[in-house]
Every structure is written in C-alpha cells, then in structure tokens.
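What follows is the residue order along each chain.
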Amino acid sequence: MALSLFIGFDQNMKNVILAQALLIDESKESHSWLFRQVAEAAGIHPTVIITDSDPAVDAAVREVFTNTYPIHCAFHITQNLHKNLQKPLEDQYEGFLQAFYLYRNSLAQATFYNRFAKLIEDYPQSRSYLEGLYASKEYWAHSYTSLRFTGGMIASSRIKSVNACIKRMLFNSDVSLCELMTEIHKLLNEREDKNRYQQWRLAIPSVKNLEKSNFLFTEVDKCCERFLTPVILKLQRDEINQSLYYAAKLVNQQDIIATNDESYENECAESPQASIEQLIEISGYSNIKEIWAVKVGNSVITKHHIIHLMNNAHICTCLMNIQKEIVCRYYFQVMLNNPEAKFHARL
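None of the values given here were measured: they were computed from a predicted structure.

**Q** Before we go on, may I ask you to explain the sheet that holds strand β7 (residues 302-309) in this structure?
**A** Note: strands within a sheet are paired through backbone hydrogen bonds, in either parallel or antiparallel orientation. Judged by pairing direction, the sheet is antiparallel, and its four strands sit side by side in the order β5-β6-β7-β8 without closing on themselves. In this open sheet, the two edge strands, each paired with only one partner strand, are β5 (246-251) and β8 (314-316). Looking at each pair of strands side by side, their axes are set apart by 25° on average, direction ignored. Relative to β8, β7 runs antiparallel, the two being bridged by three bridges. Bridging from a neighbouring strand, Ile307 pairs with Ile315 of β8.

**Q** Please clarify how the packing of aromatic side chains should be interpreted in this entry.
**A** Pairs of aromatic rings are described using the distance from one ring centre to the other and the angle between the two planes. For the structure shown, the criterion picks out 16 aromatic pairs. On the numbers, 5.7 Å between centres and 80° between planes, the contact of Phe112 with Trp140 is edge-to-face. Of the two residues, Phe112 is situated in helix α5 (residues 109-122) and Trp140 in the loop between α6 (127-134) and α7 (142-145); the sequence distance between them amounts to 28 residues. Of the two residues, Phe112 and Trp140, neither departs from the other in class, the shared state being buried. Between Tyr246 and Tyr330, the ring centres sit 5.2 Å apart and the planes meet at 80°, which makes this aromatic pair edge-to-face. Of this pair, Tyr246 sits in strand β5 while Tyr330 sits in helix α15 (residues 329-337), and the two are 84 residues apart along the sequence. Relative accessible area serves as the criterion here: at 12%, Tyr246 is assigned to the buried category.

**Q** Just checking my understanding: could you explain unusual backbone geometry for this structure?
**A** Residue Ser53 is not a glycine yet carries a positive backbone phi of 70°. The residue Glu325 is not glycine, and still its phi comes out positive at about 55°.

**Q** Got a minute to help me understand the environment of His45 in this structure?
**A** Inspection of the secondary structure assignment puts His45 in the loop between α1 (28-42) and β3 (48-51). Judged by its relative accessible area of 31%, His45 falls in the partly exposed class. It is 6.4 Å that separates the C-alpha atoms of His45 and Thr68, two residues lying 23 residues apart in sequence. If we ignore the near neighbours within four places in the chain, the residues touching His45 are Ala39, Val64, Phe65, Thr66, Asn67 and Thr68.

**Q** What exactly am I supposed to notice about the packing of α1 against helix α2 (residues 55-64) here?
**A** Packed helices, taken two at a time, are described by their axes: the angle between them and the distance between them. Look at α1 against α2: their axes get within 8 Å of each other, and the N-to-C directions meet at 40°. Relative to α2, the element α1 lies oblique. Read as a crossing pair, α1 and α2 show a hand that is right-handed. Contact residues: α1 offers Lys28, His31, Ser32, Phe35 and Arg36, while α2 offers Ala56, Val57, Ala59, Ala60, Val61, Glu63 and Val64. Taken together, the residues that form the contact of α1 with α2 break down as seven nonpolar, two polar and three charged.

**Q** Is there a simple way to explain the pairing of strand β4 (residues 69-72) in this structure?
**A** Looking down a regular strand, the side chains alternate between one sheet face and the other. Alternating positions in β4 separate into two faces, Tyr69 and Ile71 on one and Pro70 and His72 on the other, with burial throughout. Judged from the four bridges that link them, β3 and β4 form a sheet pairing that is parallel. Residue Val48 lies in a different strand from β4, and its bridge partner there is Tyr69. The parallel pair β3 and β4 is bridged by α2, and the resulting crossover is right-handed.

**Q** Help me out: how do you make sense of α2 in this one?
**A** The α-helix advances 3.6 residues per turn, and as a result positions three or four apart in sequence lie on the same side. The complete set of buried residues in α2 reads Ala56, Val57, Asp58, Ala60, Val61 and Val64. Where the residues of α2 are buried, they touch α1, β3 and β4. The residue sitting at the N-terminus of α2 and contributing the capping side-chain oxygen is Asp54; that oxygen lies 2.9 Å from the backbone nitrogen of Ala56.

**Q** Quick question: what am I supposed to make of the packing of helix α4 (residues 93-104) against α5 here?
**A** Put simply, α4 and α5 touch, their axes get as near as 9 Å, and they point 165° apart. What the angle tells us is that α4 and α5 run roughly antiparallel. Relative to α5, the crossing made by α4 is left-handed. Each of Phe96, Ala99, Phe100, Leu102, Tyr103 and Arg104 in α4 lies in contact with α5, whose residues at this interface are Phe112, Arg115, Phe116, Lys118 and Leu119. Split into classes, the residues belonging to the contact of α4 with α5 amount to eight nonpolar, no polar and three charged.

Rules used in this analysis
Residues numbered from 1 in each chain as written. Predicted model: local features only at pLDDT ≥ 70, side-chain atom pairs only at ≥ 80, totals over all residues. Heavy atoms only, no water. Pairing = 2+ DSSP bridges. Helix = DSSP H or I, 4+ residues; strand = E, 2+ residues; numbered from the N terminus. Axes fitted to C-alpha atoms, helices over the stretch in contact; angles between N-to-C directions. Phe/Tyr/Trp six-rings, centres within 6.5 Å; stacked < 30°, edge-to-face > 60°. Buried < 20%, exposed > 50% of the residue type's maximum accessible area, 1.4 Å probe, protein only. Contact = heavy atoms within 4.5 Å. Parallel < 35°, antiparallel > 145°, perpendicular 65-115°, else oblique. Left-handed = near helix turned anticlockwise from the far one by under 90°. Nonpolar A, V, L, I, M, F, W, Y, C, P; charged D, E, K, R; others polar. Right-handed = clockwise from strand over helix to strand, strands pointing away. Polar contact = N/O pair within 3.5 Å; in protein donor to acceptor, adjacent residues only side chain to side chain.

Structure (structure tokens):
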C-alpha cells in the first residue's frame, strides 16, 4: 500500500499535514478517490498543487480538482533529465542543462515556444524526450506558472521532509497500520507544540520589539502589523530594512540594453527570477508608466528592475510580490524616490 500525504504550510511558513491516506495502488482511480474524499472533507479545492509529474496524479487532479492548477516539481523534472538525457548527450549535457533552464524561465509564451524549438534543434538526440516533456509545458514552464502564487515553492520538498521524519520514527516498513497512524499523530502533535511555543515567544514584548522596521516606513509597518501574521510580518520587515542598502534610478525604456543569453550562465532550477526584457514583453509597452533600475549602493551593476504600470501596480524582476505575495526591498527603495509609488495591503 502507498502512503499519500497532502502537505501545505501555515501562516508561520511551517509544514502542515493537511490529509493522509493509504492507497491500495497509485493508479488514477485511487488518486481520484482520495481527492474526492479531501474535497468532501475540506469543502474547497486547492488553488495550486505541486506534484511529482506522475500522469496518474495529473489525470486525477483534472478530474476532481477542476479549479486547481497543477505544477510539476522542478526537482523531479531535473532528475528525469539526468536519467533520460545525460547518457545520450554525454559531454554536451551541461550546456544543454543551462540552455534548458534559461528557456524554461522565459516569461512570454511565444519566446518560450521559439527557444524550446531551438533547444530541440541544437540537441537532436533529445528530440523524443523533449517533445514528450513539451506536451505538459503548462505544468512546468515559467511562462505558464510564474504568475501564480506558490508561496515561493517550485518543488515538492516539503513532502520529502515530512516523509523523512516519518521514516526516522518507523525505522523500517514492516509496521502495522495502527503503528503508522500513531507515529503520524506524534508528528502532528510535535508540530502543534512548536507552533504554540512560537506564538508564545512572539507574544513577549521584549522579544517582539526587536523586529521593528526602520523609521522611514512607520505607516507601512503599522498597516503590515494589522494584517500579517508574526512570521510573515518579520519577512516583510526584513525587506523594508534591507531596502536602505540599495539605490534606485529612473531609466528610459529605450536605454535598456537587451540581455543576451550569456548573462544567464548561472540560471538554474531554483532561479524563478525574470529579466526586464521579459517583463516588458508580458506587460506591454502601452501599459508601462516608468521603469526603475535598482542596484546595491554605489555599484554600477543593476540588481533588479521595477516596472511601474499605468494602473499604479508594479512588477519586479525578482517576482517576489507574485510568487510570495511579499513586497520586495527594491520597490521600497523606489517608494523613497517616487511619490507616485504607493504601498497598499493588497500589494
């Protein structure tokens, strides 16, 4: 029998076991049954679910969680690339992997399509596998997934960590169902105890007051303190405080130099950032009010770009406000230089 776990995270960014089940097999029918039980018990469908790209799971998600967007785990995609293409490509594999990450991270769908076609053309030995992978592009290509909230997750590593905890408790697989459930409940109780301790600790004034943000954004801090949980509030305050180490400068769209592929040599599976050219492409020139370049102190190298849109929204090349729903340090630096850049809780 297979142990299936639904893992999410709470307002403190800690793992939470949302549901667990023992399945007789890992077929589409078994997963559909599990998803129906979860939907019936919870009364809601998840917005996003990250899977290990198992076709049976994907089919069950489409059948039961009709309003849920499935995303394939970046780690499993990379492992499958190693398994299927490292031997055929031999010495070319490292270059292929860098190109794959670069093309996968394209934000515009037309750009992704053209680049992926070029990848197949440059590495014909990979054609058969890549054409099969392309069929599920909506689940892993950033042009489809990057504008969806995932809490910063692009892999199913939270499930792996919980599985590791359970395995350490059980030592071996030769256990009864009662013992398995007992150990899972122990793990749940330990998590609950840790959460209660964290809430108690943050309630102590002498500890809580150490995490105040800088004096330049006192009204913003009051707004955040009203709506955010303690852990998320700390993350937001860290961004506010770090903003003082940067400098922002207004730039013209015509002055932005096109970034070539060589600047992405370090692109990797854990790099969900975007280039300014990609943001301009998906935003549309007519929707852009202004563009700001943000760099560290007196450095000559631009760290990130902020696009201020006509509707007064903004988007940063770090994508933090989309993927983590936290306003980044770069935008706070822009706020210090542009009176039209405003903060709102809905950002």
